[in-house]
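So you can see what is in the structure, the chains are spelled out below.
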Protein chains: 2
Amino acid sequence: MGLSGETRIHLIVGDPIAQVKSPAGLTRVFAERGADAICIPMQVPPRDFDAFMSAAKRVLNIDGIVITVPHKLAAVRHCDTLSERARILGAVNVMRREGDGRWFGDMVDGVALVAALHASGFDPMDRRALVVGAGGAGSAVALALMEAGARLSVCDVDTGRRDELVKRLAPLGQVAAGSSDPSGFDLVVNATPMGMTPADPLPVDATRLASKALVADFVTKPAVTPLLEAARRRGSPIVTGEAIFRGDILADFFLRVPERSEP
Amino acid sequence: MGLSGETRIHLIVGDPIAQVKSPAGLTRVFAERGADAICIPMQVPPRDFDAFMSAAKRVLNIDGIVITVPHKLAAVRHCDTLSERARILGAVNVMRREGDGRWFGDMVDGVALVAALHASGFDPMDRRALVVGAGGAGSAVALALMEAGARLSVCDVDTGRRDELVKRLAPLGQVAAGSSDPSGFDLVVNATPMGMTPADPLPVDATRLASKALVADFVTKPAVTPLLEAARRRGSPIVTGEAIFRGDILADFFLRVPERSEP
């Protein structure tokens, strides 16, 4: 990595920040693609987020910003323009400065999951999928899985938030309110922070996982969460947060590579 | 370099920024010393400087900030405490967050030059030195050279600024107002941006350099400035901006290594 005064800067903004994989992963993909660019972690608490974003967007060598927990909803108000899915979801996880100086926001968490599923040989078309978590990442995953043809259920400990998401997505495809019982699902996705700390309960009742259900987890640290560990013990295939956040999807966004159509 | 979410962040803030060497140099020294830390360039125009600094100082994984042209004077107001020399000079080029959360500012440009001089075998004690430029870097160099025992002259196209600096330093040692005529000086230091662009005039009349006068230049890009090239053609030893900004002095500050006493 040839860091210099000319290197173009991308930030990943969240709180906490130590667990994020993009500084290594996205920076590696930039290098693989010949871009003199880097992704730098910034730990910004919610109370400082707005002032930080206003200042960061004016730094002349910052080209892009990755947004992570807990800022994906708040970041929307810092975008001048939004992708269609970001508008539907009311959340962004990536922002870039366009040629005209305006900041464009998109939400690619869902695309990243679907790409990781395809990479592991799983096609969501017509499969029953349970998404745990109706926040920024969960909403994006739900939308992307619906677009990929899955029959979707969403659960969240906050049932109001769950029902709100189901209502918002209902016009777009097949989606239902679900519970933390994963029985009968071909795919279970944890899009909550549960599993980051050892004391966390499992996001679903792992004893009721369907045989061979694929389990994916957005948590990146530990790489194999207790949920993934339980799934693996039952013989299920797993997709880790590291696999989801490999950096390619983010690099596509920042380097303006048109989105690949799925196989 | 093992960039991750746990890497501690240091910024170098200036405008322009492409020419700075600290992202590579300081980051390399951090790695050599086993610190998981990095230095990132931030191009911040003067109109945005205050808002940027207020936000950056609140980012929890930013430990330090290097200040470069044109912000060295403005940065003083963003420090909670100052070193004695920063207070005298009214300028800082390094800031770090202390254990109590307050930001401490220092001005180590002068120390960096004196260290580079010693490294090249030149002891300023009792030598006649001409410092070109009475701004942030020039002031720091003047003070450090006086402390190292040099007999000092300062020049600046802005003679008011030159005379103000001479007046401020006079109580501390031997210092006089000088011109861009370098004849008779054992050491000539360019502490202005002159030489960054090809159209710049030379900061001193190189045809009048004393034989064997050492010439040092704070400009880092080009590495060998027209002034240094002219000096080299006359057989003079030179010290480049890269040699001054090797990163060791900055790393000492951020890693809290006590300043070395000179040989």
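This one's a predicted model, so the numbers in the text were calculated from it and none came from an experiment. (Residues numbered from 1 in each chain as written. Chains lettered and ligands numbered in written order. Predicted model: local features only at pLDDT ≥ 70, side-chain atom pairs only at ≥ 80, totals over all residues.)

### Notes on the relation of the copies chain A and chain B
In step 1: Rotating chain A by 180° about the axis while translating it 0.0 Å along that axis superimposes it on chain B, leaving an RMSD of 0.0 Å. With respect to symmetry, the two chain copies, as superposed, fit the operation of a two-fold axis. Considering only C-alpha atoms, the residue of chain A closest to the rotation axis is Ala55(A), which sits at 3.4 Å.
In step 2: A share of 100% of interface residues in chain A that are also interface residues in chain B marks the association as one of identical surfaces. (Least-squares fit on C-alpha atoms with pLDDT ≥ 70 in both. Contact = placed C-beta atoms within 7 Å.)

### Considering helix H7 (residues 226-233) of chain B
All names here are of chain B.
In step 1: Of all the residues in H7, the buried ones are Leu227, Leu228 and Ala231. One side of H7 carries all its buried residues, which in axial view fall inside an arc of 95°.
In step 2: Buried positions along H7 lie against strand S10 (187-190), strand S11 (214-217) and strand S12 (238-239).
In step 3: After H7 finishes, the residue glycine 235 shows a positive phi value of roughly 90°. (Buried ≥ 20, exposed ≤ 12 C-beta atoms within 10 Å, placed from the backbone. Helix = DSSP H or I, 4+ residues; strand = E, 2+ residues; numbered from the N terminus. Arc of directions from axis to C-beta.)

### Considerations on the environment of Val114(B)
In step 1: Positionally, Val114(B) belongs in helix H4 (residues 109-119).
In step 2: Note: C-alpha distance between Val114(B) and Thr197(B) (83 residues apart in sequence) is 26 Å.

### Comments concerning the domain arrangement of chain A
Residues and elements named next belong to chain A.
In step 1: When the domains of chain A are assigned, the result is domain 1 (8-107) and domain 2 (110-244).
In step 2: Counting from both sides, the interface comprises twelve residues of domain 1 and, opposite them, ten residues of domain 2.
In step 3: Here the residues of the side of domain 1 that touches domain 2 sort into seven nonpolar, two polar and three charged. (Domains from an automatic or database assignment. Nonpolar A, V, L, I, M, F, W, Y, C, P; charged D, E, K, R; others polar.)

### Overview of the sheet that holds strand S9 (residues 175-177) of chain A
Residues and elements named next belong to chain A.
In step 1: With respect to topology, six strands assemble into an open sheet ordered S9-S8-S7-S10-S11-S12, the strand pairing being parallel. Two strands close off the open sheet at either side, each with one partner strand: S9 and strand S12 (238-239).
In step 2: Two elements, strand S7 (residues 128-132) and strand S8 (residues 151-155), share five bridges in a ladder whose sense is parallel. Along S8, the bridge assignment pairs valine 131 with valine 154.
In step 3: Seen against the sheet, helix H6 (residues 159-169) touches S8 and S9 and runs at an angle of roughly 160° to S9. (Pairing = 2+ DSSP bridges. Axes fitted to C-alpha atoms, helices over the stretch in contact; angles between N-to-C directions.)

### Overview of the confidence of the model for chain A
In step 1: Confidence in the prediction of chain A, expressed as mean pLDDT, is 94, and 98% of residues score 70 or more.
In step 2: This prediction of the complex comes with two scores: 0.87 for pTM and 0.85 for ipTM. (pLDDT = per-residue confidence, 0-100.)

### Looking at the environment of Lys57(A)
All names here are of chain A.
In step 1: On the secondary structure map, lysine 57 appears in the loop between helix H2 (49-56) and strand S3 (62-67).
In step 2: The sequence separation of lysine 57 and aspartate 163 amounts to 106 residues, and the corresponding C-alpha distance is 34 Å.
In step 3: Not counting residues within four places of it along the chain, the set of residues in contact with lysine 57 comprises His78 and Trp103.

### Section: the sheet that holds strand S1 (residues 8-14) of chain A
Residue and element names in this part refer to chain A.
In step 1: With mixed pairing, six strands are arranged side by side in an open sheet as S2-S1-S3-S5-S6-S4. The open sheet is flanked by strand S2 (37-43) and strand S4 (81-82), the only strands paired with a single partner.
In step 2: Bridge count for S4 against strand S6 (residues 103-106) is two bridges, and the pairing is parallel. Opposite leucine 82, over in S6, you have glycine 105 as the bridge partner.
In step 3: Against the sheet, helix H1 (residues 22-32) contacts S1, S2 and S3, and its axis sits at roughly 165° relative to S2.

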